[in-house]
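# Close look at the chain arrangement
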Amino acid sequence: LQHQKENIILFYNNNVPLSQIQSPIAYLFGVDTATDSMNGLLGPSLSQVFPSVLYPEVIANLTNPKVGIAHLRGIHVLPNRIMGVEPYIIGSFVVFSNAKNDNFVLE
């Protein structure tokens, strides 16, 4: 985000699945949720770089075992002075979850 790339692919990999601890993704959307304190020292207010309104759909897709992927287009990146991020628009943002994906296993 600091380099304002137009297309971003994010592979979420954590030893705890998103269905159990959502803070690593939630904080990027400014959403407060439970954490084990190892996943976001800044918290949601200081980590936010995406509009909160997008979070419900993103986490629903990432935690759904039949989907496991969130793909957003035309996302407005919010300024975040602490992270050194300036506002811009991402053309395509794809997030792959570490959750078991039933459809992927069947392929």
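Quick summary incoming for the structure in this document. (Residues numbered from 1 in each chain as written. Predicted model: local features only at pLDDT ≥ 70, side-chain atom pairs only at ≥ 80, totals over all residues. Heavy atoms only, no water.)

### Thoughts on a nonpolar patch on the surface
- Taken together, the side chains of L42, L46 and I82 make up a nonpolar region of the molecular surface, amounting to roughly 230 Å² of accessible area.
- Topologically, L42 is positioned in the loop between α1 (23–26) and α2 (43–47).
- Given the relative accessible area of 36%, L42 is considered partly exposed. (Patch = residues over 30% accessible without salt bridge, like charges linked within 9 Å, V, L, I, M, F, W, Y side chains within 5 Å. Areas by Shrake-Rupley, 256 points an atom, 1.4 Å probe, with all protein chains shown as cover. Salt bridge = Lys/Arg side-chain N within 4 Å of Asp/Glu carboxyl O. Helix = DSSP H or I, 4+ residues; strand = E, 2+ residues; numbered from the N terminus. Buried < 20%, exposed > 50% of the residue type's maximum accessible area, 1.4 Å probe, protein only.)

### So, the side chain of S97
- By secondary structure assignment, the location of S97 is in the loop between β3 (88–96) and α4 (102–106).
- Classification of S97 as buried rests on a relative accessible area of 14%.
- Here the side chain of S97 touches L62 through a polar contact of 3.1 Å, landing on its backbone oxygen.
- Here S97 is in contact with Y12, L18, L62 and G68, once residues within four sequence places are set aside. (Polar contact = N/O pair within 3.5 Å; in protein donor to acceptor, adjacent residues only side chain to side chain. Contact = heavy atoms within 4.5 Å.)

### Here's the deal with the nonpolar core
- Ranked by size, the top nonpolar core spans 21 residues in total, and within it I25, F50, V58, L62, I90 and F93 carry the most contacts.
- Mapped onto this core, the elements with two or more residues apiece are α1, α3 (55–63), β2 (69–77) and β3. (Core = buried A, V, L, I, M, F, W, Y, C linked by side-chain atoms within 4.5 Å.)

### Side note on α3
- Within α3 the residues assigned to the buried category are Y55, V58, I59 and L62. Around the axis of α3, the buried residues are gathered within 90° of arc, so they sit on the same side. Across α3 from its buried face, at more than 90 degrees, point the exposed residues P56 and E57.
- Those residues of α3 that are buried lie in contact with α1, β2 and β3. (Arc of directions from axis to C-beta.)

### Looking at unusual backbone geometry
- In the Ramachandran plot, Q4 falls in the positive-phi region, its phi being about 50° despite a non-glycine side chain.
- Position of Q4 relative to the elements: it lies in the segment before β1 (7–11).

### A few points about the pairing of β3
- Of the strand pairs in this sheet, β1 and β3 are connected by five bridges, and their pairing is parallel. Paired with L10 across the strands is V95, a residue of β3.
- Both β2 and β3 contribute to a ladder of eight bridges, which runs antiparallel. Directly across from L72, in β3, lies its bridge partner F93. (Pairing = 2+ DSSP bridges.)

### Quick word on the sheet that holds β2
- With mixed pairing, three strands are arranged side by side in an open sheet as β1-β3-β2. On the outer flanks of this sheet lie β1 and β2, each paired with one strand and no other. Across the sheet, the mean angle separating the axes of adjacent strands is 20° when strand polarity is ignored.
- Strand contacts of α3: β2 and β3, with the helix running at about 160° to β2, the strand carrying the most contacts. (Axes fitted to C-alpha atoms, helices over the stretch in contact; angles between N-to-C directions.)

Any functional reading would require information beyond the geometric quantities listed.
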